[in-house]
Amino acid sequence: MSFNIRLDAASDGDNNWKFRKEEVYKMLHYYQPDLLGMQEVCHNQMEDLKQAMISYQAVGVGRDDGKQAGEYSPIFFNKKRFTLLEEGHFSLSEKPEQFGLKGWDASYNRVATWVILQDKDNHNKFIYLNTHLDNDGSVARKESIKLILRKIKQISSDLPVILSGDFNCEPHEEPLHYLEKHKMFNTLHTSEICYGPTYSFHDFGHLTIDKRVLLDYIFTSNEYATHRYRIVEDKPQNAYLSDHYPVLVRLMLKK
């Protein structure tokens, strides 16, 4: 699952995190994704999620200092199923080893988190990388994707890859085409079954249907087959889960 949970912002009023978080926990406990990449996670939200999701191990850092300041793009994984072998983080900028930098024409500094996990049952290893691309900088979005692909090759050139995030791109935009040109596959296009709306960003329901867009994606390398793809349009009675809907897929290795 990839899920932009919306940062903890007082300006959100009735949609503030404190009013949504219990329903977010319920949703996550219901679907129980083995792998979960999130975006816009403030440190207090990170701590809340860790306490609520005790069957998961969390990996992530704040984008401002590489520690706890600023938004995280963390990875949570089912610790009963997977063993963490390696982890890392980098900024989406010309100097990826330094945090707090705005890359290219970006309006905000951004971060990526990655892990190498091993399945405890079959011992298969894979890379999972999660991120959040800039909302304004078109150059930053494309250059960030190039950086991510380079980093994946540096981490390992022969392991299967899962890449998730809020890419702040609609399906026709160049960063997504660039991923596909470099043998990363959009699960929306490869899934046997797709279910749910065609959009993920709805701004807590404020956008009319024709203004809602798909910004959240899960890509994989060719080793994976996608059996199910769903935009999770769940809405609790008294609040939205976020201003984005989660994307949920079922993946299996082809071999």
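Counting from 1, residues in each chain are numbered in the order their sequence is written. With the structure being a predicted model, the display of local features is reserved for residues of pLDDT at least 70 and the display and counting of side-chain atom pairs for 80 or more, all residues being used for whole-chain, interface and lining totals. Side-chain measures here rest on the full set of heavy atoms in the structure, leaving out hydrogens and waters.

1. Focus: the overall build of the chain
Now for step 1: When its secondary structure is counted, the chain shows five helices and 13 strands.
Now for step 2: Radius of gyration here uses only the C-alpha atoms, and the compact-globule reference equals 2.2 Å multiplied by the residue count raised to the power 0.38. The C-alpha atoms of the chain give a radius of gyration of 17 Å, which matches the 18 Å a tight globule of 255 residues would have.
Now for step 3: Projected onto the principal axes, the alpha-carbon positions of the chain cover approximately 45 × 40 × 35 Å.
Now for step 4: Going through the 255 residues of the chain one by one, you find that 54% of them count as buried.
Now for step 5: It only takes one pair of heavy atoms within 4.5 Å for two residues to be counted as in contact. Across the chain, contacts joining residues at least 24 apart in sequence account for 71% of those joining residues at least 6 apart.
Now for step 6: Surface accessibility in these figures is a Shrake-Rupley result with a 1.4 Å probe; residues are shielded only by whichever protein chains are displayed. As presented, the chain carries roughly 11800 Å² of accessible surface, and 47% of it is formed by carbon and sulfur atoms.
Now for step 7: Only four residue types enter the tally: Lys and Arg on the positive side, Asp and Glu on the negative side, with His and both chain ends excluded. Charge positions come from single atoms, namely NZ of Lys, CZ of Arg, CG of Asp or CD of Glu. Mean positive and mean negative side-chain charge positions of the chain (32 and 36 charges, respectively) differ by 4 Å. Note on conventions: DSSP H or I runs of at least 4 residues are helices, E runs of at least 2 residues are strands, and numbering of each starts at the N terminus. Exposure is judged per residue with a 1.4 Å probe applied to protein chains only, and the accessible area is read against the type maximum: over 50% gives exposed, under 20% gives buried, and values in between give partly exposed.

2. Some thoughts on the sheet that holds strand β11 (residues 216-220)
Now for step 1: Taken in spatial order, the six strands make up an open sheet running β5-β6-β7-β8-β11-β9, and their pairing is mixed. The outermost strands of the open sheet, each flanked by one partner alone, are β5 (82-91) and β9 (185-186).
Now for step 2: Here β9 pairs with β11 via two bridges, running antiparallel. Note that in β11 the partner of Phe185 across the bridge is Thr220.
Now for step 3: Lines fitted to the C-alpha atoms define the axes, with helices restricted to the stretch that makes contact. Angles between their N-to-C directions range from 0 to 180 degrees. Strands β8 (161-166), β9 and β11 of the sheet are contacted by helix α4 (residues 174-181), whose axis makes an angle of about 10 degrees with β11. Two strands form a pair only when DSSP identifies at least two bridges running between them.

3. Thoughts on the pattern of salt bridges
Now for step 1: The salt bridge definition used is simple: a Lys or Arg side-chain nitrogen within 4 Å of an Asp or Glu carboxyl oxygen. Applying the stated rule across the entire model yields 13 salt bridges.
Now for step 2: Of the charged contacts, one joins Glu47 and Lys50 as a salt bridge, the two residues approaching to 3.6 Å between their closest N and O atoms. Here Glu47 pairs with Lys50, and both are found in helix α2 (residues 43-52), just three residues apart, close to one helical turn.
Now for step 3: Residue classification places Lys50 among the partly exposed residues on the basis of a relative accessible area of 38%.
Now for step 4: Of the charged contacts in the structure, one is a salt bridge between Glu173 and Arg141, with a shortest N-O distance of 3.7 Å. With Glu173 in the loop between β8 and α4 and Arg141 in helix α3 (residues 138-155), the pair connects residues that are 32 residues apart, well separated along the chain.
Now for step 5: Overall, the relative accessible area of 8% leaves Arg141 in the buried class.
Now for step 6: Within the structure, one salt-bridge network assembled from shared partners comprises Asp34, Arg81 and Asp119.

4. Topic: the packing of aromatic side chains
Now for step 1: A pair of aromatic rings is counted whenever rings of Phe, Tyr or Trp (Trp by its six-membered ring) have centres within 6.5 Å, and the orientation is called stacked for planes under 30 degrees apart, edge-to-face for over 60 and tilted otherwise. Per the counting criterion, the structure on display carries seven aromatic pairs.
Now for step 2: Considering the side-chain rings of Tyr30 and Tyr31, the 4.9 Å spacing of their centres and the 85 degrees angle between planes classify their relative orientation as edge-to-face.
Now for step 3: Note on Tyr30: relative accessible area 64%, which makes it exposed.
Now for step 4: Taken together, a centroid distance of 5.4 Å and an interplanar angle of 75 degrees make the contact between Phe82 and Phe126 edge-to-face. Placement of Phe82 in strand β5 and of Phe126 in strand β7 (residues 125-132) is noted, with a sequence separation of 44 residues between them.
Now for step 5: Taking the relative accessible area as the measure of exposure, Phe126 reaches 7% and is therefore buried.
Now for step 6: An aromatic cluster is present here, built from Phe167, Tyr217 and Phe219 joined pairwise through their rings.
Now for step 7: Any Lys NZ or Arg CZ that is within 6 Å of a ring centre and within 35 degrees of that ring's normal is treated as a charge sitting over the ring. Over the ring of Phe90 we find Lys151, and its NZ or CZ is 5.4 Å from the ring centre.
Now for step 8: Looking at Lys235, its charged tip hangs above the ring of Tyr240, at a distance of 4.8 Å from the centre.

5. Points about α4
Now for step 1: Pro175, Leu176, Tyr178 and Leu179 are the residues of α4 that are buried. Looking straight down α4, one finds its buried side chains confined to an arc of 155 degrees; they lie on one side.
Now for step 2: Along its buried surface, α4 packs onto α3, β8 and β11.
Now for step 3: Downstream of α4 by one or two residues, Lys183 has phi in the positive range, about 65 degrees. Think of the arc as the fan of directions from the helix axis to the C-beta atoms.

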